Amino acid sequence: MTVTEPVVDSVPSAVLDPAVLAGGWLDDLTQAIDSSDRDRLIDLLGPEIWWRDQLVLDQDVHTTRGPGAVADLVLARAGAAGFGGLALPDGAKLVDTGDGSQLVEAIFEFDTALGRGRGVVRLTSGEDGIWRAWTVLTALHELTGFEERVGRRRPVGNPHGRSGPSWPELRDREREFADRDPEVLVIGAGQSGLAIGARLVQMGVDALVIDSHPRVGDAWRNRYRSLSLHDPVWFDHMPYLNFPDTWPIYMPKDKIAGWLEYYADAMEINVWNSTTLLSADYDEQERIWTAVVRRADGSERRFRTPHIVMATGLNGRPRQPRFPGQDTFRGTVVHSSGYRGTEDVEGRTAVVVGAATSGHDISQDLYHRGARVTMVQRSSTCVISTEHGIPGLFDPLFVEGGPKTEDADLLFASYPFLLLGELHVGLTDRLRELDADLLGGLEKAGFALDYGPNGSGLFMKVLQTASGYYIDVGGSELIATGKVKVAQGAGIDRFEPDGVVLTDGRKLAADLVVLATGYDTLRDQVTSLFGPAVSGQVKDAWGLDEEGELNGTWRPTGHPGLWFLIGNLAMARYYSRILALQLTARLRGLVPA
């Protein structure tokens, strides 16, 4: 179907058929590509077009902006990519934009030379009444011959009545790697390591996940006792296996830890706990790593593997600075990573250095357990409420009873990060109005606020710095009411026996100091594990590049065979597929190594 007549703005929205508009646009796009008609293609694109591509037009993740740049990209690469067979399986819908206008939104499917993809197109009507693309996402979804073994592709299982090894015996044999090397070695069994492990299992890739903790989930289990997620549960599902509908909206850390342990077993992920990577050397000629790991019993194994995935989180070792006079301090100093919330703090005087999420959570925990608390805020913090901020960030995609998680992920990914930043300026302004009482109380208490890069809010601060933000779950009220004091605008200069002196001369009495001072960079961790020759080739991880894509994670890092998977549970869920597709395509010879 093709739209041959313009649809004028005066036509009531009730008579617009979004499926006709979206289907016609896909047909016109196909014809423009087939005929290499640049002018025709440009006419299908709005003046503010954003095209985000994930492994379809290029074996990477890119965002391209502007009609001319998008047309040149598509015409240059669509043929070699085998991009075609565009179809609209579930129709389209009209979406109110909030400013009195509407757009057409549709999820579409397509074929590529490697497999099949899914995409999203949003059309807006111009002054001439023609509906043109505002945003397009094209994402590789599966590889032909290596599709994820789910649904109708699931395995049969052991034939009934036939003798042979039991399921536990088979799993023990697979997990040991006694007679083989893993095709992928994953470092870290948190949400990212398990997500990529599960994806690779379903794509038929032999992967081993190692973790230094004794149990899967310990990275969560061993954090401070009051820790809970600040994201809602329906945003945080793992690949293939949703959290139960009975679970709380904000999950406590121990429930997450237990779920990850169950998940590793249920998804048949090969995990070695109490195992550390001792060394890894890369052979440029053979394009393979030689990795040595030490297991719980002290034995060492040497593996030859073409790919290593770092899934240890964005951060390296805890950043725990030493200050002059610290040895004379009569109290206790602990980094937030070592704070457990089990210490006897009744009646103690505590100073918490840091005013992001961990600093707030620990201050809140200390106060409720009877401590007198002062938070040292060295720089400003972006704060939103759960009451208004969570719906603002997640509605209408990630809500109770909302779209299927896989569709919600696709729709969310179809907004390029820089575009989200532009859209979130208005959202941030609305949240400031809705949270005016909360924010005003913080400012009166001397707490410094910011509203993200260029006023774009919390999510963009997450993407650019991964620090300096807080979703309020009660800590802000304690600050606003003076129950938790704030010392703003200075850091620790030195310790004295009974407290700390700040860089502006103020002295804070203390017998407990918690340093919520963050962590070293991932590059530092890469250097310690792989050496400076490797880390020197690796791009910075996290932060947005010139296209607005995240640096280094779930895409080529700059060093062959070394990959990063970083992010919260939702990012691990979606981008684990993007990374697993790249690994599988290389391992199976579908794309050059």
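Up top is the structure.
Now for a description of the structure that goes with this document. (Residues numbered from 1 in each chain as written. Predicted model: local features only at pLDDT ≥ 70, side-chain atom pairs only at ≥ 80, totals over all residues. Heavy atoms only, no water.)

What follows covers the overall build of the chain. Looking only at helices and strands, the chain features 17 helices and 27 strands. The C-alpha radius of gyration of the chain comes to 26 Å, within 12% of the 25 Å expected for a compact globule of 593 residues. If one aligns the C-alpha atoms of the chain with their principal axes, the spans along those axes are about 80 × 65 × 50 Å. Per-residue burial for the chain yields a buried fraction of 52% across its 593 residues. As presented, the chain carries roughly 25,400 Å² of accessible surface, and 49% of it is formed by carbon and sulfur atoms. (Helix = DSSP H or I, 4+ residues; strand = E, 2+ residues; numbered from the N terminus. Rg over C-alpha atoms; globule rule 2.2 N^0.38 Å. Buried < 20%, exposed > 50% of the residue type's maximum accessible area, 1.4 Å probe, protein only. Areas by Shrake-Rupley, 256 points an atom, 1.4 Å probe, with all protein chains shown as cover.)

Reported here for the second largest pocket is a volume of approximately 1,600 Å³. Forming the boundary of the second largest pocket are 50 residues, of which E148, R149, V150, Q202 and Y240 lie nearest the centre. If you list the elements that add at least two residues to the lining of the second largest pocket, you get β6 (115-125), β7 (131-143), α4 (167-176), α5 (191-202), α10 (405-413) and α17 (569-587). Across the lining of the second largest pocket, the residue classes tally to 19 nonpolar, 9 polar and 22 charged. (1 Å grid on protein atoms, 1.4 Å probe; cavity = no way out; pocket = protein on both sides within 12 Å on 5 of 7 lines; lining within 4 Å. Points joined across faces, edges and corners; volume = space filled by probe spheres on them. Nonpolar A, V, L, I, M, F, W, Y, C, P; charged D, E, K, R; others polar.)

If you trace the backbone, A69 turns up in helix α3 (residues 67-81). With relative accessibility at 37%, the residue A69 sits in the partly exposed group. With 124 residues separating them in the primary sequence, A69 and G193 have C-alpha atoms 36 Å apart.

Before going further, it helps to examine the sheet that holds strand β11 (residues 276-283). Pairing in this open sheet of 3 strands is antiparallel, and the strands run β11-β12-β13 from one edge to the other. Single-partner strands in this sheet number two, and they are β11 and β13 (300-305). Averaged over all pairs of adjacent strands, the angle between their axes in this sheet comes to 15 degrees, without regard to strand direction. In the sheet, strand β12 (residues 288-294) pairs with β13 via 6 bridges, with the strands oriented antiparallel. Within the sheet, the bridge partner assigned to V293 lies in β13 and is R301. Where helix α15 (residues 522-530) meets the sheet, its contacts fall on β11 and β12, and the angle it forms with β11 comes to roughly 80 degrees. (Pairing = 2+ DSSP bridges. Axes fitted to C-alpha atoms, helices over the stretch in contact; angles between N-to-C directions. Contact = heavy atoms within 4.5 Å.)

What follows concerns the pairing of strand β19 (residues 382-385). Here β19 shows no split at all, with C382 and I384 on one side and V383 and S385 on the other all buried. Across 4 bridges, β19 lies against strand β20 (residues 469-472) in parallel orientation. Note on β20: the bridge partner recorded for C382 is Y469.

Before going further, it helps to examine the pattern of salt bridges. Going through the model one piece at a time under the given rule, you end up with 44 salt bridges. Where E549 meets R52, a salt bridge forms, and the shortest distance between an N and an O atom there is 2.8 Å. Within this pair, whereas E549 is found in the loop between α16 (532-535) and β27 (562-564), its partner R52 is found in strand β1 (residues 45-54), the two being separated by 497 residues in sequence. Neither E549 nor R52 differs from the other in exposure class; each is buried. Its salt-bridge partner being E261, residue R221 comes within 3.4 Å of it at the nearest N-O pair. Taken together, the residues R221 in helix α6 (residues 218-221) and E261 in helix α7 (residues 253-266) connect sequence positions 40 residues apart. The class of E261 is partly exposed, set by a relative accessible area of 28%. Salt bridges sharing partners connect three or more residues here, namely R118, E148, R199, E406, D407 and R577. (Salt bridge = Lys/Arg side-chain N within 4 Å of Asp/Glu carboxyl O.)

Another point: α3. Each α-helix turn comprises 3.6 residues. Residues three or four places apart therefore point the same way. With 15 residues, α3 should cover 21 Å at 1.5 Å per step; its first-to-last C-alpha distance of 20 Å lies within 8% of that length. Bending of α3 peaks at approximately 25 degrees at the position of L75. Among the residues of α3, V70, A71, L73, V74, A78 and A81 are the ones counted as buried. Those residues of α3 that are buried are in contact with α1 (18-34), α2 (38-43), β1 and β2 (61-65). Within two residues after α3, G82 carries a phi angle of roughly 70 degrees, on the positive side. (Expected span 1.5 Å × (residues − 1). Bend = angle between axes of the 7 residues up to and from the residue.)

The next subject is the sheet that holds strand β10 (residues 271-272). An order of β10-β9-β8-β14-β27 is seen for the 5 strands of this open sheet, with the pairing classed as parallel. Looking at which strands have only one partner, the edges of the open sheet turn out to be β10 and β27. Across the face of the sheet, α15 comes into contact with β14 (307-310) and β27 while running at roughly 140 degrees to β14.

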